Amino acid sequence: MKVIHVGLIGWGTVGSGVVRILRENGPLIEKRLGSKIVLKRIADIDLETERSVKVNREVLTNRAEEVIGDPEIDIVLELIGGMEPARSYIIEALKGGKHVVTANKALLATHLDELCRVAHRYNVDLNFEAAVGGGIPIIRALKEGFVAERIEAIFGILNGTSNYILSTMSNEGGEFAAVLRQAQAQGYAEKDPSFDIEGIDAAHKLAILIKLAFGAKIPFEDIFIEGISDITPLDIQFAQEFGYTIKLLAIAKADGETIEARVHSTMLPSNHLLSTVGGVFNAIFLRGNAVGETLFYGQGAGMMATASAVTSDLIELSRNVLKGTVGRVPTLSLQQTHIMEMKVKDIEDIVRPYYMRFSALDRPGVLSKISGVLGKNDIGIASVIQKGRQVAGAVPVVIMTHEARERNIHRAFKEIDKMDVILDKTMLIRVEGELS
Ligand code: HSE
C-alpha cells in the first residue's frame, strides 16, 4: 500500500496542530484512509523557537525548496501566510506536480484565479478549507453538500475578534477602545488589530465564498468594507431597545445579474440565529433555492480547529492520490471555464431598512426638520426614539426606517448634517432582517 508523503512549509501554531492531529488521530485516520500519512519534511526559517510538539530533527529544514523539490512528497501544506514567498512556494509546488493545501485567506482573496489556473494546467489539486471559518467545513459544503443548489445568499460572522468585541460590548457594556484593549490583553485580538476590526479579514473570506457560491469573479477592491470601531455603547443600547443585535456581517447575495458583496456592522433581529453567536465564534448562514436556509457554526480560528480543517484537506487529497484521480471536485466548485466576471452592486444601490442616530439639539421643530428631509428623499420612518432632555448639548434622536435606497440616505444626510441643530456626524447602520 502506498504511503502518502507530506511536506509542511510553515511550522507555526497551525502547523504544530497538524502534527498533533496526525500523531494523536493517526490510527483513526489510517482506518478511514486505508493508508498512512507520513510528514516527511518541515520547513521553517525559525527552527530554534520551542514548539508545543516535538519532531525528529532530521525532518526539519530552513529551506522551503527542499520540501518543494523532494520527489517523494505528494502533498505540500503552505502554512506561512502572507503574499510572498507563500504565493511563489505554492506555484512552484503545483508546477512540480504536487497537490497543495493552504489556509492563506489573504492570498486566496486576491490570487485564487491565478493559483487555480496553475493547478489546472499542471493537473494537480489545490485545497483551502481552513481559509474560511477555521474549523467550519464550509468550503467542502459549498463544493459537495450544496453542489445541486443555486445559492441565493450567503452571509455570516467571519471574524472572531470583532465578534468578541461586539458581543462583549453588548453583554457587559464598555466603549469600543476599552473592550479592544481587554481583548488584546486576553489574547483574543492581535497587537495590530486593524485587519480584524476594519473588516478586511472578513472581506478576504467573503471573496473566497463568493467565488465558490456564485462562480463569480469580482475584484476584491469592489467589496464594500466598513469596520466596527465607530460603534458606541449608545448604538448597542438603542439596538437592544428596538429588538436588534449589532454584528459585523460579511454579506453576499446574487440576483442573477449583480452580486451584493459587503462587510459592515449590521443590525440583526435579536431572535435571528446569527444574533446568538457570541465570543470568538464564527457562523455562516446560507440559502439555496432547494435546500432553503442552513446555518454553520464553530471556531473560526485557533490552533486545533484550523489544523482540523487543514488535515481534512490533506486526507481528501491523499484519497485522490491513492485512487490516482485529480480534479474530481473542481477547486472553485464550478468548472474553471464557467467562472464568470460579475458586477458588484454599488453600495449606493442597495435597498435596506436603516438605523440612524442623529446628535441634535433638543429644541422644538428639530424632529420635523429631520423627517422633512427624509421624506423629501423617499425615506419612510418606521419608528423614532429620543432620549433625555438636555438644555445645552446634543441628544440622540434615533430613527429606524423602512426599506430605502442608500443613495437617498446619503443625499439626505448631506443636508441634515449641515443643519445648525445637528452637532455631530450622523451614525448609520444597515439592517438585515429575514434573508431577503
Ligand atoms: N483573525 C481572525 C479572526 C482569525 O479574528 O477571526 C483568522 O482568520
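Residues numbered from 1 in each chain as written. Predicted model: local features only at pLDDT ≥ 70, side-chain atom pairs only at ≥ 80, totals over all residues. Heavy atoms only, no water.

(A) Here's a closer look at the overall build of the protein chain. Of regular secondary structure, the protein chain possesses 14 helices and 21 strands. In summary, the protein chain has a C-alpha radius of gyration of 24 Å against a globular reference of 22 Å for 436 residues, a match within 12%. Referenced to the eigenvectors of the C-alpha coordinate spread, the extents of the protein chain come out at roughly 85 × 45 × 35 Å. Expressed as a percentage of its 436 residues, the buried residues of the protein chain come to 56%. (Helix = DSSP H or I, 4+ residues; strand = E, 2+ residues; numbered from the N terminus. Rg over C-alpha atoms; globule rule 2.2 N^0.38 Å. Buried < 20%, exposed > 50% of the residue type's maximum accessible area, 1.4 Å probe, protein only.)

(B) Seen up close, the domain arrangement of the protein chain. Taken as a whole, the protein chain is organised into domain 1 (3-139 + 303-334), domain 2 (140-299 + 342-347) and domain 3 (349-431). Summarising the inter-unit geometry, the C-alpha centres of domain 1 and domain 3 are found 51 Å apart. (Domains from an automatic or database assignment.)

(C) Here's a closer look at a nonpolar patch on the surface. Side chains of Leu 367, Ile 381 and Val 384 sit close together on the surface and give an oily, nonpolar patch of about 210 Å² of accessible area. Among the structural elements, Ile 381 can be located in strand S18 (residues 381-386). (Patch = residues over 30% accessible without salt bridge, like charges linked within 9 Å, V, L, I, M, F, W, Y side chains within 5 Å. Areas by Shrake-Rupley, 256 points an atom, 1.4 Å probe, with all protein chains shown as cover. Salt bridge = Lys/Arg side-chain N within 4 Å of Asp/Glu carboxyl O.)

(D) Here's a closer look at helix H2 (residues 26-33). Residues of H2 that are buried include every one of Gly 26, Ile 29 and Leu 33, and no others. Take H2 and look down its axis: the buried residues cluster within an arc of 65°, on one side only. Set apart from the buried face of H2 by more than 90 degrees, the exposed residues are Pro 27, Lys 31 and Arg 32. Packing partners of the buried residues in H2 comprise helix H1 (13-24), strand S2 (37-43) and helix H12 (303-323). (Arc of directions from axis to C-beta. Contact = heavy atoms within 4.5 Å.)

(E) Main features of helix H10 (residues 200-214). With 15 residues, H10 extends 21 Å between its outermost C-alpha atoms, agreeing within 8% with the 21 Å of an ideal straight helix rising 1.5 Å per residue. Of all 15 residues in H10, 14 are buried, a share of seventy percent or more. Note on H10: the residue one or two positions beyond its end, Gly 215, has a positive phi of about 60°. (Expected span 1.5 Å × (residues − 1).)

(F) Spotlight on the sheet that holds strand S3 (residues 60-61). Read across the open sheet, the 6 strands follow the order S3-S2-S1-S4-S5-S6; overall the sheet is parallel. Because the sheet does not close on itself, it has two edges, and the strands there are S3 and strand S6 (126-127). Docked against the sheet, H12 engages strand S1 (4-9), S2, strand S4 (75-78), strand S5 (99-102) and S6, running at close to 170° with respect to S5. (Pairing = 2+ DSSP bridges. Axes fitted to C-alpha atoms, helices over the stretch in contact; angles between N-to-C directions.)

(G) A look at the pattern of salt bridges. Inspection of the entire model under this criterion finds 31 salt bridges. Salt-bridge contacts for Asp 113 lead to Lys 211; the nearest nitrogen and oxygen are separated by 3.1 Å. Placement of the pair is Asp 113 in helix H5 (residues 105-121) and Lys 211 in helix H10, with a sequence separation of 98 residues. Residue Asp 113 shares its accessibility class with Lys 211, and that shared class is buried. The shortest N-O distance in the salt bridge between Lys 205 and Asp 201 comes to 2.6 Å. Of the two residues, Lys 205 and Asp 201 are both situated in helix H10; the distance of 4 residues between them amounts to about one turn of the helix. This pair shows no difference in class: Lys 205 is buried, exactly as Asp 201 is. Beyond isolated ion pairs, a larger network of salt bridges with shared partners links Lys 253, Glu 260, Arg 262, Lys 345, Arg 352 and Glu 432.

(H) Inspection of the site of the ligand at higher detail. Neighbouring residues of the ligand: Lys 105, Asn 159, Gly 160, Thr 161, Asp 196, Asp 201, Lys 205 and Ala 301. Between the ligand and Asn 159, the relevant distance is 3.3 Å, taken from an oxygen atom to a side-chain nitrogen or oxygen of the residue. Separating an oxygen atom of the ligand from a backbone N or O atom of Gly 160 is a distance of 2.6 Å. In the complex, the protein chains occlude 81% of the 260 Å² of accessible area that the ligand would expose alone. Broken down by class, the residue content of the shell around the ligand amounts to 1 nonpolar, 3 polar and 4 charged. (Near = heavy atom within 4 Å. Polar contact = N/O pair within 3.5 Å; in protein donor to acceptor, adjacent residues only side chain to side chain. Nonpolar A, V, L, I, M, F, W, Y, C, P; charged D, E, K, R; others polar.)

(I) Geometry of the packing of aromatic side chains. Enumeration over the complete set of coordinates arrives at 5 aromatic pairs. Each ring, one from Phe 146 and one from Phe 296, has its centre 6.0 Å from the other, and the planes form 80°; the classification is edge-to-face. Of this pair, Phe 146 sits in the loop between helix H6 (138-145) and strand S7 (151-157) while Phe 296 sits in strand S13 (residues 292-299), placing them 150 residues apart in sequence. Taking the centre distance of 4.9 Å and the plane angle of 0° together, the rings of Phe 281 and Tyr 297 count as stacked. One end of the pair, Phe 281, is in strand S12 (residues 281-288); the other, Tyr 297, is in strand S13, with 16 residues separating them in the sequence. Judged by its relative accessible area of 28%, Phe 281 falls in the partly exposed class. Directly above the aromatic system of Phe 128 lies the positively charged group of Lys 143, at a separation of 5.8 Å from the ring centroid. (Phe/Tyr/Trp six-rings, centres within 6.5 Å; stacked < 30°, edge-to-face > 60°. Lys NZ or Arg CZ within 6 Å of the ring centre and 35° of its normal.)

(J) Up close: the packing of helix H7 (residues 160-172) against helix H8 (residues 176-185). The contact between H7 and H8 brings their axes to 10 Å, and the two run at 120°. When the interaxial angle is binned, H7 and H8 end up oblique. Relative to H8, the crossing made by H7 is right-handed. Side by side, H7 and H8 meet where Tyr 164, Ile 165, Thr 168, Met 169 and Glu 172 of the first sit next to Phe 176, Val 179, Leu 180, Gln 182 and Ala 183 of the second. Classifying every residue of the contact of H7 with H8 gives 7 nonpolar, 2 polar and 1 charged. (Parallel < 35°, antiparallel > 145°, perpendicular 65-115°, else oblique. Left-handed = near helix turned anticlockwise from the far one by under 90°.)

(K) Examining the pairing of strand S17 (residues 354-361) more closely. Burial analysis of S17 places 8 of its 8 residues in the buried class, which makes it a mostly covered element. Neither face of S17 is exposed, since Tyr 354, Met 356, Phe 358 and Ala 360 on one face and Tyr 355, Arg 357, Ser 359 and Leu 361 on the opposite face are all buried. Two elements, S17 and strand S21 (residues 427-431), share 4 bridges in a ladder whose sense is antiparallel. Opposite Tyr 355, over in S21, you have Ile 429 as the bridge partner. Judged from the 7 bridges that link them, S17 and strand S19 (residues 394-401) form a sheet pairing that is antiparallel. When the sheet's bridge partners are listed, Ser 359 is paired in S19 with Pro 396.

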